[in-house]
Amino acid sequence: MKLLFGFFRFVLSCLITTLTLYPFKISASECTALEPIRPNATRLETRLAEMAALGSHLAGSKAHKSFVDSLEQYANQYREARVYRETQTFDYWAPTNVKLLIDEVPIEVSSVYFDSPTGVLKGTLANAGHFLFPNYQNLRGRIAVVDVPFSEIEFKALSENARIVKDAKGSFSDQKYRRAWQGLLVPTMEKFADAGAVGVIFVLDTPQEDAFGQHYFGKGPQTIPGIFVSKEQRKQILDGKTARMIIRAESYQNTSDHLIVELPGESEESILLASHTDGPNVIEENGPLGLLELLSYFSRQPRACRPKTLRFLFATGHMDENLQSVGGWLHGHPEIADHTLAVLVMEHLGAMEWEVRDGVLQSTGRNEPGLAFVSSNHHSFSKLVEKALLSSSLDRAVLLPKFGAQSIFIGEGIEANAMGIPTFGWVPSPTYLLASAANSHSDKVSVPLMRKEIALFADLVRELVENFHALSRAKEVRYAYRNKTYPALFKHNPTEPQRPLFVWINGTNFSNNDELSEMMLDSMVEKGFNALSVGYANGYLDGFLCEDLARKAEAIFVGTDSAISTAYRELNLPEPASIVVSGFSQGAWIGGLSRNYSAKIERALLLAVGDSPTFGALPCLTRMASERFKVRAVNGQSDGVFEDNFKNLASVTGYWPREFTFDALDSNGSGWLMVPDVALPQGRADHGYMLAEEGNSGRPHPLWMQTELPWGMKAGLNWLATAD
């Protein structure tokens, strides 16, 4: 028996040694997909109750510190989670007693302008008018009274600028979006102080039930005090009366912590999931509960099954501008920000809609509209966000803005988006969002809705991880041309630096970062290329003659200061061994000439190209193709710029069919294609046949993107990607 026991001990010790020296590694093929997330309803209810019991969680308060402590304890339960904190020191200010008396009659106060000076102030009231157009006259030595009506936004107007509107019951069609927090978008106190006012009373155009406890974001110490009241008090706050303002507050140096949790992956590249921990009620700061559910869900995967690191930021400083929040944290960690592929911001979960109706704040019985924001200049990322939102069970949601539209972002994702990181923000914003309450507005939270919102983020993370090529960050470089610099966007896979290069050159007056450019780059990155979208001197006055085009092509392709060399040098990458090119209109001309300047270029896909006397003789464009340099040119039948497209396409490529045809491709795929008028819904294939119908906006036409026909995007890029 002893001998047998000794043998087993020997085998066990050998096994332990083997596993220590040669640890078991899970292959990617052995990773099984996680089941869809099922956020734990009981756990969410318990944690919401814990939050409500603490009361308002403003940064630096005892409640906030206790909340962050509890989040840290929960996070430490999960396998492989690395948990740490970062501390900030700031000037803490918290009101303890605020009163307002008009002619010594007490007036109900809604809230106080944060960081107001403390003490007792007495003065005569002076009407300063509407907060958008204040009257700063006759305020010296007096207390200004400012009326703050709320703006009303029609959801129809939002929908016109939205990428997605989910509204199954059509409730947005006649909805007016009017929320109490809109009334807090008031002027800074500085202008009233400069006008000589000694204090300000802001009258919010809403009942006390809606106005009570609304928190105005701290903007540093004020020189004069400010108080908010509701519209019921307006009739007592009249010009010429005497007011006494009493403000008492705690004020001292304090600390507040970020909590960071990392789930390491196979790569230093990461996805950041962020929310904030400070706020006046359980709706405002319950995003961390959603992050914990996601942490629990993804921690069940072995590290080998996480190609990217997942980083969770429980940030402080959302409600106090004396502190840095998500954006400040990213700016303070450039080594992390540079490797952050996407930022997903979760805020205000489970919010039910309450509105003032007939002078009373009441529930509508519906969930608060989900305001969702996505970076407008990251095509593939935006498409994955759209996919996740459309497939979710959420309703009453608006995803802003349309691609190429003016950037719109609110919430904690503002700075990440401004830094150029693909960013998604979920920011429902109910009327009580910034208001404190005895029950912390816990009666307005829907746990079933929270579960749906958390599931959206889980699905989105899985989409991003499975399609991580879509997260390739574009690096902007600038190269020189004729004493000016022009931008070029470079996308590459850092784990495969030796990939071939794809160069995209857009048309006259088009941008190198519009939707068409983004889509071309993302598509070729997915096909195994590094990708460069080149801006250049492409205005109408920048020259179209052969000598102009030749100089532009040379600046892109030749020399150490060219767009290509600059991009590779700045990213410290070895220059590519092979290059393929595509361009539109003037960009197609330059792409066609590229082979004169680099023997590395193997193929060119030229869109909307021709040789036309409209711009003078262009002999340099004739017969672009050669034995090694393969060209495929595509244009519309009724292009008004290049009028005889049959002859133009033949002249440019060197492929001359014996009779009129729409398809003149060689066996190797080079040659040309003419898009028939009848192929497009509008019955006319013109110069911008691949663009959306509303004009040359830089937005691709859905038919061109989706068709399997040879003149479509898929066939063209597939041919381009099969370079010899």
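Note: the structure precedes this text.
1. Focus on helix α17 (residues 645-653)
Structural remark: α-helix, 3.6 residues per turn; residues separated by three or four positions point the same way.
Inference 1: Of all 9 residues that make up α17, 8 are buried, and the element is covered over most of its length.
Inference 2: Those residues of α17 lying buried are Asn645, Phe646, Asn648, Leu649, Ala650, Ser651, Val652 and Thr653.
Inference 3: Of the residues trailing α17, Gly654 is marked for its positive phi of about 85°.

2. Thoughts on empty space enclosed by the protein
Inference 1: All chains considered together, the criterion is met by 4 cavities of 30 Å³ or more.
Inference 2: What the largest cavity holds in volume is close to 60 Å³.
Inference 3: What lines the largest cavity is Leu58, Ala59, Tyr92, Trp93, Phe114, His215, Asp278, Met319 and Asp320.
Inference 4: Taken as a whole, the second largest cavity encloses approximately 40 Å³ of empty space.
Inference 5: Lining the second largest cavity are Leu605, Leu607, Arg632, Val634, Leu673, Trp704, Pro710, Trp711, Gly712, Met713 and Gly716.
Inference 6: At the level of secondary structure, the elements contributing two or more residues to the lining of the second largest cavity comprise β25 (601-607), β26 (630-636) and α19 (713-720).
Inference 7: Among the residues making up the lining of the second largest cavity, the classes are represented as 8 nonpolar, 2 polar and 1 charged.

3. Re helix α14 (residues 546-557)
Inference 1: Its 12 residues place the ends of α14 16 Å apart at the C-alpha level, agreeing with the 16 Å of an ideal helix rising 1.5 Å per residue.
Inference 2: At the C-terminal side of α14, Gly559 shows a positive phi close to 90°.

4. Things to note about the packing of aromatic side chains
Inference 1: Throughout the structure, instances matching the rule amount to 22 aromatic pairs.
Inference 2: Ring geometry for Tyr297 against Phe298: centres 4.8 Å apart, planes inclined by 75°, an arrangement best described as edge-to-face.
Inference 3: On the accessibility criterion, Phe298 (4% relative accessible area) is buried.
Inference 4: Directly above the ring of Trp354 sits Lys444, whose terminal nitrogen or CZ lies 4.4 Å from the centroid.
Inference 5: The cationic tip of Lys444 hangs over the ring face of Tyr432; the distance from NZ or CZ to the ring centre is 5.5 Å.

5. A closer look at the environment of Glu466
Inference 1: Mapped onto the fold, Glu466 is located in helix α12 (residues 447-466).
Inference 2: For the pair Glu466 and Glu284, spaced 182 residues apart in the sequence, the C-alpha separation amounts to 31 Å.

6. A look at the pattern of salt bridges
Inference 1: For the structure shown, the criterion picks out 31 salt bridges.
Inference 2: Taking the shortest distance from any N to any O, the salt bridge between Arg163 and Glu386 comes out at 2.6 Å. Here Arg163 is found in the loop between α4 (155-160) and β7 (164-166), whereas its partner Glu386 is found in helix α10 (residues 379-391), with 223 residues between them in sequence.
Inference 3: Close ionic contact of Glu518 with Lys491 constitutes a salt bridge, the shortest N to O distance being 3.4 Å. Separated by 27 residues along the polypeptide, Glu518 in helix α13 (residues 515-526) and Lys491 in strand β21 (residues 484-491) bring together distant segments of the chain.
Inference 4: Taking relative accessible area as the criterion, Glu518 reaches 5% and is therefore assigned buried.
Inference 5: With relative accessibility at 2%, the residue Lys491 sits in the buried group.
Inference 6: One connected set of salt bridges, linked through shared partners, spans Arg179, Glu353, Glu355, Arg357, Arg366, Glu368 and Arg396.

Calculation criteria
Residues numbered from 1 in each chain as written. Predicted model: local features only at pLDDT ≥ 70, side-chain atom pairs only at ≥ 80, totals over all residues. Heavy atoms only, no water. Buried < 20%, exposed > 50% of the residue type's maximum accessible area, 1.4 Å probe, protein only. Helix = DSSP H or I, 4+ residues; strand = E, 2+ residues; numbered from the N terminus. 1 Å grid on protein atoms, 1.4 Å probe; cavity = no way out; pocket = protein on both sides within 12 Å on 5 of 7 lines; lining within 4 Å. Points joined across faces, edges and corners; volume = space filled by probe spheres on them. Nonpolar A, V, L, I, M, F, W, Y, C, P; charged D, E, K, R; others polar. Expected span 1.5 Å × (residues − 1). Phe/Tyr/Trp six-rings, centres within 6.5 Å; stacked < 30°, edge-to-face > 60°. Lys NZ or Arg CZ within 6 Å of the ring centre and 35° of its normal. Salt bridge = Lys/Arg side-chain N within 4 Å of Asp/Glu carboxyl O.

Fair warning: the whole summary comes from geometry, so function is off the table for now.
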